[in-house]
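This is what each chain is made of:
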Amino acid sequence: MVCTIMSEIDERLRTALDERISQQSLRTLTLNNGLIDFCSNDYLGFSRSTQLQKNIREAEENYPVHHIGSTGSRLLSGNNHLFEELEQRIASFHDAEAGLIFNSGYDANIGLLSCIAKRTDTILYDQLVHASIRDGVRLSYARSFSFAHNNINELEQKIKSATGNIFVVVESIYSMDGDCAPLQEIAKLCSHYGANLIVDEAHATGVFGEKGEGKIVELGLQKQVFARVHTFGKALGCHGAIVLGSETLRSYLINFCRSFIYTTALPLHSLLSIQCAYNFMESNAEMLIQLRNRIAYFKNNIGKMLKQSLIESNSAIQCIIIPGNENVRALAKQIQEAGFDVRPILHPTVPAGSERLRICLHAFNTEKEIDGLLQSLPLV
Ligand SMILES: Cc1ncc(COP(=O)(O)O)c(C=O)c1O
């Protein structure tokens, strides 16, 4: 009997996988291929920095108390001074009142979005927001509606017909497109209608702002934002995330946010890595400038024909639309064979017809590497 049930389930799983295979969209895990990196989120090269690795090792050696794991959740045995110091320090770096560290950006978004709104409230989110935001919204009891990507008019219409407290959720830089939200207009709209703006700064952290503070600080919108999410797994080269906002928000999350409460806290090594990465970012502003130069170099040198298929972006994420899973997959393979690690983004991760090559630029990519990548791309 048990065997029959197992095989039925197995068959159902197999059917789902076969469907993916027939749509050319089966996801598989691959090992690091040693190619020139044009796909990771390590925008500033912190993850590979031997100097930063050394700084982290020294910080660990000099830290008085050593546990391998944090031994519990923050509310039980997992808290320590370093967490609190770091939260305060990161909050002031991004010009926020307070911050609360989460184990990942996924945890931060799912936790924040699932607990912040009541049943009678409304959450409005850009249709292209990250899966972690969508999942958080799905877990919330509030009513929720998406609005067309970066479409201010549609957002305004939806705000006007929303009920209860209104939360508007956007990313400053969209992860699969690399483009920027019209943050000033969105913030103005939210202020006008008394809506609470939540901004995910995952791909803007370390990339925008004078020292990498993100888009909100760059645009001076700190006072108009209810909450910001910054992740440490991208430009900062480590792991984890922080939700920034008021002291009241911090306290609320400590009390009501399930992905914060019911999980083992980050270990010391992660905290020291995050601390060292912030120090490193503050004292190495030239890496940020180098990244910006590389982005400009790529954009200035991409051929005219390809430029038409490039999604407008000033960020480290540059996407070329190549419709069709099969086409984009084949092209990515060809570029990889030329030595460059570029990944195809397939349907269903993006809508059918807007499959793309997602090229991530880094401070460590040389102009010669960018030239090589551009030469490996087709002319049309
Ligand atoms: C916009 C955005 N938010 C959140 C996350 C999740 O962050 P993390 O990788 O730290 O879980 C990602 C990462 O893919 C992202 O792109």
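Thresholds, definitions, all that
Residues numbered from 1 in each chain as written. Predicted model: local features only at pLDDT ≥ 70, side-chain atom pairs only at ≥ 80, totals over all residues. Heavy atoms only, no water. Helix = DSSP H or I, 4+ residues; strand = E, 2+ residues; numbered from the N terminus. Rg over C-alpha atoms; globule rule 2.2 N^0.38 Å. Buried < 20%, exposed > 50% of the residue type's maximum accessible area, 1.4 Å probe, protein only. Contact = heavy atoms within 4.5 Å. Areas by Shrake-Rupley, 256 points an atom, 1.4 Å probe, with all protein chains shown as cover. Pairing = 2+ DSSP bridges. Axes fitted to C-alpha atoms, helices over the stretch in contact; angles between N-to-C directions. Near = heavy atom within 4 Å. Polar contact = N/O pair within 3.5 Å; in protein donor to acceptor, adjacent residues only side chain to side chain. Expected span 1.5 Å × (residues − 1). Arc of directions from axis to C-beta. Core = buried A, V, L, I, M, F, W, Y, C linked by side-chain atoms within 4.5 Å.

(A) Local environment of the overall build of the protein. In terms of regular secondary structure, the protein is built from 15 helices and twelve strands. Its C-alpha atoms give the protein a radius of gyration of 22 Å, near enough to 21 Å, the size a compact globule of 380 residues would have. The C-alpha extent of the protein, read off along each of the three principal axes, is 60 × 55 × 50 Å. Across the 380 residues that make up the protein, the buried fraction comes to 50%. For the protein, long-range pairs separated by at least 24 residues make up 71% of all intrachain contacts whose partners lie at least 6 apart in sequence. Of the roughly 18,500 Å² of accessible surface on the protein, a fraction of 52% belongs to carbon and sulfur atoms.

(B) Up close: the sheet that holds strand S7 (residues 227-231). The seven strands are arranged S2-S8-S7-S6-S5-S3-S4 in an open sheet whose pairing can be described as mixed. Edge positions in the sheet fall to strand S2 (98-102) and strand S4 (143-147), since each has one partner strand and no second. Strand-to-strand twist across the sheet, computed as the mean angle between neighbouring axes with direction ignored, equals 20°. Pairing between strand S5 (residues 166-171) and strand S6 (residues 196-200): five bridges, direction parallel.

(C) Looking closely at the site of the ligand. Contacts to the ligand come from 13 residues, most closely from Gly105, Tyr106, Asp200, His203 and Lys234. A distance of 3.1 Å separates an oxygen atom of the ligand from a polar side-chain atom of histidine 130. The side chain of aspartate 200 places a nitrogen or oxygen atom 2.6 Å from a nitrogen atom of the ligand. Among the elements that take part in the shell around the ligand, helix H4 (residues 105-116) stands out by supplying three residues, more than any other.

(D) Broad picture of helix H3 (residues 81-93). When the terminal C-alpha atoms of H3 are compared, their 18 Å separation across 13 residues agrees well with the 18 Å that a helix rising 1.5 Å per residue should span. Those residues of H3 lying buried are Leu82, Phe83, Leu86, Glu87, Ile90, Ala91 and Phe93. The buried residues of H3 occupy an angular sector of 155° when projected down its axis, which confines them to one face. Where H3 is buried, its residues touch S2, strand S8 (241-245), helix H9 (247-256) and helix H11 (268-283). Backbone nitrogen of leucine 82 and a side-chain oxygen of the N-cap are separated by 2.9 Å at the start of H3; the cap is asparagine 80. One or two steps after H3, the chain reaches aspartate 95, where phi turns positive at roughly 55°.

(E) The arrangement of the pairing of S7 in detail. With five of its five residues buried, S7 lies for the most part within the structure. The alternating pattern of S7 places Ala227, Val229 and Thr231 on one face and Arg228 and His230 on the opposite face, and all of these are buried. Where S6 meets S7, three bridges bridge the pair, whose relative direction is parallel. By the bridge assignment for S7, isoleucine 198 is matched with alanine 227. By the bridge criterion, four bridges tie S7 to S8 in an arrangement that is antiparallel. Paired with arginine 228 across the strands is leucine 244, a residue of S8.

(F) How the structure looks around the nonpolar core. Counting residues in each nonpolar core, the largest one holds 66 residues, and the members touching the most others are Phe298, Ile320 and Leu357. In this view, isoleucine 320 contacts Ile302, Leu306, Ser309, Leu310, Glu355, Arg356, Leu357, Ile359 and Leu377; residues no more than four positions away in its chain are not counted. Counting 48 residues, the second-largest nonpolar core is a separate cluster that includes Leu113, Ala117, Ile152 and Ala181.

(G) Molecular detail of the sheet that holds strand S12 (residues 356-360). Strands sit in the order S9-S12-S11 across an open sheet of three strands; the sheet is antiparallel. The open sheet has two edge strands with one neighbour each: strand S9 (317-321) and strand S11 (343-345). The average undirected angle you get between the axes of adjacent strands in this sheet is 35°. As judged from the three bridges shared by S11 and S12, these two strands associate in the antiparallel manner. If you follow arginine 343 over to S12, its bridge partner there is arginine 358.

(H) Layout of helix H15 (residues 367-376). Within the sequence span of H15, burial applies to Ile370, Gly372, Leu373, Leu374 and Ser376. Contacts from the buried residues of H15 go to helix H12 (285-301), helix H14 (325-337), strand S10 (340-341) and S12.

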